[in-house]
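Reading the structure
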Amino acid sequence: MNRIMMNRAVPTGCAALALCLVVMWGGCRALAAPASPDALLDTVTSAIAIEKAAHERGSEWEREQALLQEELRQARLEEAWYALQVNTFTRYVDTARSRVDELTKTRDELVRMETELEGSLVESVEALENFVRQDMPFLQQERDQRLRFLHASMDDYELGGAEKLRRVLEALQAELGYGRGVELAAAQIDVQGVSRRVQLLRTGRAGLYALSPDGSAAWRWTRAAGFVPVEDVYLDSLREAAEMTESGSAFSLPVLPFGEVR
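What comes next is a walk through the structure. Keep in mind it's a predicted model, so treat the numbers as computed, not measured.

Our focus in this paragraph is the sheet that holds strand E4 (residues 218–222). The strands that make up a sheet pair up through hydrogen bonds in the backbone, lying either parallel or antiparallel. Strands sit in the order E1-E2-E3-E4-E5 across an open sheet of five strands; the sheet is antiparallel. Both edges of this open sheet fall to strand E1 (182–191) and strand E5 (226–229), since each of them pairs with a single strand only. Sheet twist, expressed as the average angle between the axes of neighbouring strands with direction ignored, equals 35 degrees.

So, in structure tokens, the structure goes:
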């Protein structure tokens, strides 16, 4: 027995088991046939192996349990993180939807305003064209070209409403500018069915006059009859106004025969 204990390093639990076996074996010696030392050694060794295997399985189970608990803890952390992300992105989505709704309303309002604006611009161009047709006949080529340009702009579906508005305002500003200042230019006009080359004098929109090249004859434009002769008493005043306009010198407007002013 002493030889066995000295030659084997046995864990505490296994040693206790072996001691119990030895005691039991000693108590039963009188009742049973004596066992050989080798048989006793095999019995103790088997018991120790069983105890060792059970201990290893227990340790393995504890490691597996620790791993499972760690995995469970990680899973709970991930669950909490994903829940936080879901809440965060849910708020993001709600905010984005709110902004989309606002932008949609703004877009619809802009479409409505642009539609109304385009209709108003078309009406403005038509009104401007009617005004030009009824106005004094000056700079006809320039003004007709501007009107054609405006009509083309209104028909251009790729052109934005802001650009169309800018072009209409520029045209209106140009027409408004014609009502200021005095202008002298060579022109071909129709006088009572006869085409004449004249010097056309325009005093804003107050009056439109034509002088023959030699200044011996003059006409003024009326809405009812077109160009009609000017009384001789105004010839000197018209020639003076034409000379001052041509030279660009400052002057006070001479007494001229004015028709209706628009």
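Right, let's talk about the nonpolar core for a bit. If you look at the biggest cluster of nonpolar residues, it comprises 13 residues, and the most contacted ones within it are Ile189, Leu200, Leu208, Ala210, Trp219 and Phe227. At the level of secondary structure, the elements contributing two or more residues to this core comprise E1, strand E2 (194–203), strand E3 (207–211) and E4. Among the elements that take part in this core, E1 stands out by supplying three residues, more than any other. Apart from residues no more than four positions distant in its own chain, phenylalanine 227 is found in contact with Pro137, Ile189, Asp190, Val191, Gln192, Leu200, Leu208, Ala210, Trp219, Arg220 and Trp221.

Attention now goes to a nonpolar patch on the surface. Together, Leu165, Leu169 and Leu172 make up a nonpolar patch on the protein surface, roughly 230 Å² of accessible area in all. In this structure, leucine 169 sits in helix H5 (residues 161–177). Owing to a relative accessible area of 49%, leucine 169 belongs among the partly exposed residues under this scheme.

Attention shifts here to the packing of aromatic side chains. We describe a pair of aromatic rings using the distance from one ring centre to the other and the angle between the two ring planes. Scanning the entire structure with this criterion turns up three aromatic pairs. A centroid spacing of 5.0 Å and a plane angle of 75 degrees characterise the contact between tryptophan 81 and tyrosine 82, whose relative ring orientation is edge-to-face. A cation over an aromatic ring shows up here: arginine 143 above the ring of phenylalanine 138, its NZ or CZ 4.1 Å from the ring centre. Here arginine 202 stacks its cationic end above the ring of phenylalanine 138, 4.3 Å away from the centre of that ring.

Using the criterion set out here, one finds 18 salt bridges in the structure. With a shortest N-O distance of 2.3 Å, glutamate 109 and arginine 112 are connected by a salt bridge. Of this pair, glutamate 109 and arginine 112 are both found in helix H3 (residues 37–134), three residues apart, which corresponds to roughly one turn of the helix. With a relative accessible area of 35%, arginine 112 lands in the partly exposed category. For glutamate 175, the salt bridge identified is with arginine 146, shortest N-O distance 3.7 Å. Linking glutamate 175 in helix H5 with arginine 146 in helix H4 (residues 140–155), this pair joins segments that are 29 residues apart in sequence. Note on accessibility: glutamate 175 and arginine 146 belong to one class, buried. Salt bridges sharing partners connect three or more residues here, namely Asp135, Glu142, Arg143, Arg146, Glu175 and Arg205.

Turning to helix H6 (residues 235–247), a few remarks are in order. Helix length check: H6 (13 residues) gives 18 Å between terminal C-alpha atoms against 18 Å at 1.5 Å per residue, within 8%. By the burial criterion, the buried members of H6 are Leu235, Ser237, Leu238, Ala241, Ala242 and Thr245. Considered in projection along H6, the buried side chains sweep an arc of 165 degrees and stay on one side of the axis. When the buried face of H6 is taken as reference, the exposed residues oriented beyond 90 degrees from it are Asp236, Glu243 and Ser247. On the buried face of H6, the contacting elements are E1, E2, E3 and E4. Just downstream of H6, glycine 248 is the residue with a positive phi angle, here 75 degrees.

With 10 bridges connecting them, E1 and E2 associate as antiparallel partners. Bridge pairing in E2 places valine 191 opposite valine 194. Hairpin connection between E1 and E2: a loop of two residues separates the two successive antiparallel strands, and glutamine 192 in this loop has a positive phi of roughly 50 degrees. The pairing of E2 with E3 spans five bridges and is classified as antiparallel. Note on E3: the bridge partner recorded for arginine 202 is leucine 208. The antiparallel hairpin formed by E2 and E3 contains three residues in its connecting segment, where glycine 204 sits at a positive phi of about 60 degrees.

Conventions and cut-offs
- Residues numbered from 1 in each chain as written.
- Predicted model: local features only at pLDDT ≥ 70, side-chain atom pairs only at ≥ 80, totals over all residues.
- Heavy atoms only, no water.
- Pairing = 2+ DSSP bridges.
- Helix = DSSP H or I, 4+ residues; strand = E, 2+ residues; numbered from the N terminus.
- Axes fitted to C-alpha atoms, helices over the stretch in contact; angles between N-to-C directions.
- Core = buried A, V, L, I, M, F, W, Y, C linked by side-chain atoms within 4.5 Å.
- Buried < 20%, exposed > 50% of the residue type's maximum accessible area, 1.4 Å probe, protein only.
- Contact = heavy atoms within 4.5 Å.
- Patch = residues over 30% accessible without salt bridge, like charges linked within 9 Å, V, L, I, M, F, W, Y side chains within 5 Å.
- Areas by Shrake-Rupley, 256 points an atom, 1.4 Å probe, with all protein chains shown as cover.
- Salt bridge = Lys/Arg side-chain N within 4 Å of Asp/Glu carboxyl O.
- Phe/Tyr/Trp six-rings, centres within 6.5 Å; stacked < 30°, edge-to-face > 60°.
- Lys NZ or Arg CZ within 6 Å of the ring centre and 35° of its normal.
- Expected span 1.5 Å × (residues − 1).
- Arc of directions from axis to C-beta.

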